[in-house]
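In case you want the letters, here they are:
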Amino acid sequence: MEVTNVKEYQAIAKEKLPKMVYDYYASGAEDQWTLEENQNAFARILFRPRILIDVSKIDMTTTILGFKISMPIMIAPTAMQKMAHPEGEYATARAASAAGTIMTLSSWATSSVEEVASTGPGIRFFQLYVYKDRNVVAQLVRRAERAGFKAIALTVDTPRLGRREADIKNRFTLPPFLTLKNFEGLDLGKMDEANDSGLASYVAGQIDRTLSWKDVKWLQTITSMPILVKGVITAEDTRLAIQAGAAGIIVSNHGARQLDYVPATIMALEEVVKAAQRRVPVFLDGGVRRGTDVFKALALGASGIFIGRPVVFSLAAEGEVGVKKVLQMLRDEFELTMALSGCTSLKQITRNHIVTEWDTPRARPAPRL
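Right, let's walk through the structure included here. (Residues numbered from 1 in each chain as written. Predicted model: local features only at pLDDT ≥ 70, side-chain atom pairs only at ≥ 80, totals over all residues. Heavy atoms only, no water.)

Concerning the overall build of the protein
Right, on to step 1. When you go through the protein residue by residue, the secondary structure sums to 13 helices and twelve strands.
Right, on to step 2. Against the compact-globule benchmark of 21 Å for 369 residues, the protein has a radius of gyration of 20 Å, which places it among compact chains.
Right, on to step 3. For the C-alpha atoms alone, the extent of the protein along its principal axes is close to 75 × 50 × 45 Å.
Right, on to step 4. Considering the protein as a whole, with its 369 residues, one finds that 56% of them fall into the buried category.
Right, on to step 5. Expressed as a percentage of contacts within the protein between residues at least 6 apart in sequence, the contacts between residues at least 24 apart total 73%.
Right, on to step 6. As displayed, the protein has an accessible area near 16,500 Å², and 52% of this comes from carbon and sulfur atoms.
Right, on to step 7. Charge-centre separation for the protein: the mean point of 46 positive side chains lies 5 Å from the mean point of 40 negative side chains. (Helix = DSSP H or I, 4+ residues; strand = E, 2+ residues; numbered from the N terminus. Rg over C-alpha atoms; globule rule 2.2 N^0.38 Å. Buried < 20%, exposed > 50% of the residue type's maximum accessible area, 1.4 Å probe, protein only. Contact = heavy atoms within 4.5 Å. Areas by Shrake-Rupley, 256 points an atom, 1.4 Å probe, with all protein chains shown as cover. Lys, Arg positive; Asp, Glu negative; His and termini not counted. Charge placed at Lys NZ, Arg CZ, Asp CG, Glu CD.)

Here's the deal with the nonpolar core
Right, on to step 1. Core analysis: the largest hydrophobic core is formed by 105 residues, its most contacted members being Trp 108, Leu 128, Ile 266 and Phe 334.
Right, on to step 2. In this view, Phe 334 contacts Met 60, Pro 72, Ile 73, Gly 291, Val 294, Phe 295, Leu 298, Leu 346 and Ile 349; residues no more than four positions away in its chain are not counted.
Right, on to step 3. Within the second largest apolar cluster, twelve residues are counted, among which are Ile 69, Ala 76, Ala 153 and Leu 228. (Core = buried A, V, L, I, M, F, W, Y, C linked by side-chain atoms within 4.5 Å.)

Regarding the packing of aromatic side chains
Right, on to step 1. One pass over the structure, following the stated rule, counts nine aromatic pairs.
Right, on to step 2. Summarising the aromatic geometry, the rings of Tyr 24 and Tyr 25 are spaced 5.6 Å apart at their centres and angled 55° between planes, so their arrangement reads as tilted. Neither Tyr 24 nor Tyr 25 differs from the other in exposure class; each is buried.
Right, on to step 3. For the pair Tyr 24 and Phe 172, a centre-to-centre distance of 4.5 Å together with 10° between the ring planes defines the contact as stacked. With Tyr 24 in helix H2 (residues 19-26) and Phe 172 in the loop between helix H7 (165-170) and helix H8 (198-206), the pair connects residues that are 148 residues apart, well separated along the chain.
Right, on to step 4. Owing to a relative accessible area of 4%, Tyr 24 belongs among the buried residues under this scheme.
Right, on to step 5. An aromatic cluster of three or more residues is present, and its members are Tyr 24, Tyr 25 and Phe 172. (Phe/Tyr/Trp six-rings, centres within 6.5 Å; stacked < 30°, edge-to-face > 60°.)

Points about the pairing of strand S11 (residues 304-307)
Right, on to step 1. Residues of S11 alternate between two faces, with Gly 304 and Phe 306 on one and Ile 305 and Ile 307 on the opposite face, all of them buried.
Right, on to step 2. Here three bridges tie strand S4 (residues 73-75) to S11, and the two strands are oriented parallel to one another. Note that in S11 the partner of Ile 75 across the bridge is Ile 307.
Right, on to step 3. As paired strands, strand S10 (residues 282-285) and S11 are joined by three bridges and run parallel to one another. Opposite Phe 283, over in S11, you have Gly 304 as the bridge partner. (Pairing = 2+ DSSP bridges.)

Re the pattern of salt bridges
Right, on to step 1. Under the definition given, this model contains 17 salt bridges.
Right, on to step 2. As a salt-bridge pair, Glu 320 and Lys 324 come within 3.3 Å of each other at their nearest N and O atoms. Here the residue Glu 320 and the residue Lys 324 both occupy positions in helix H13 (residues 309-341), the gap between them amounting to four residues, near one helical turn.
Right, on to step 3. What makes Glu 320 partly exposed here is its relative accessible area of 21%. (Salt bridge = Lys/Arg side-chain N within 4 Å of Asp/Glu carboxyl O.)

A word on the pairing of strand S8 (residues 227-232)
Right, on to step 1. Within S8, six of the six residues are buried, which leaves the element mostly enclosed by the surrounding structure.
Right, on to step 2. By the bridge criterion, four bridges tie strand S7 (residues 151-155) to S8 in an arrangement that is parallel. Note that in S8 the partner of Ala 153 across the bridge is Leu 228.
Right, on to step 3. Relative to strand S9 (residues 248-251), S8 runs parallel, the two sharing four bridges. Bridging across to S9, Leu 228 finds its partner in Gly 248.

Structural data, given as structure tokens:
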């Protein structure tokens, strides 16, 4: 079957992967309302395209935290990619580099920061979970910095793991031939089989529930890398993140894997953008499956978007080639959306190019009686 869009990779991944692995990547928390809403909410935002504009040349390049990339489409952190494909994070890193964009490596990767760095040049961010043992955290951050990573994406929405019922049913655990490579050699306990989800038990034992805003400040004392706060969906937390010295904000609901019935990230985006008042860049993660979605996020004020599940599904289907194709398809669709909306550069994408359900109705002339 010829794959013509990003969504088609999910069905291929479902056929290829063991049920436990596919369910781990695909599922959300509890009723999975937010999981569906992350994608569905994009469909309720419509375009107001402008016409008769010369769109023969379109520039999609942008600068993120001072790093120039080819397009505002980047790779989100997704854990344990070698469950999807033997090359795992190596393949993803090479695909991102070839596309001229940023890859974010998960703390829970099945390849270490040093191994990913060894794949060659590329702009890479490191996603961080804060463990109870702060020496482990400091060590990990320093290793990422030494390996040439350029920023920390601090995940702040996971003091406890969301209730992912598929993982409980499957007794999810990391396959025996894989390890969380960044923690090899550290006495941190293993992700063993448990009575429910092995990952949930591991998180309960290792991740620090006391994590607070003061820890964002502490992180700044141990690294010169900029810190992006990942998991913000309210104006209140946006203001606190900026006060705490965040270099940027990632509007994220953890791929709908944490608290169910939070808004889709595209619905929360504008509130965060307004609260940030252009003091720091705001990014979006969650539900992006089309180039049209990318455009809508930028029209609502995002500086760029991150994709997660499309990466692991395409990785499962076709390895590095699959990830390259996903990035290329989104790029092509986004370029077409820009052209058909009358935009030749990212700065030309404005709020006036879309209409949302929360916009006030445009004034119509009153009918004559």
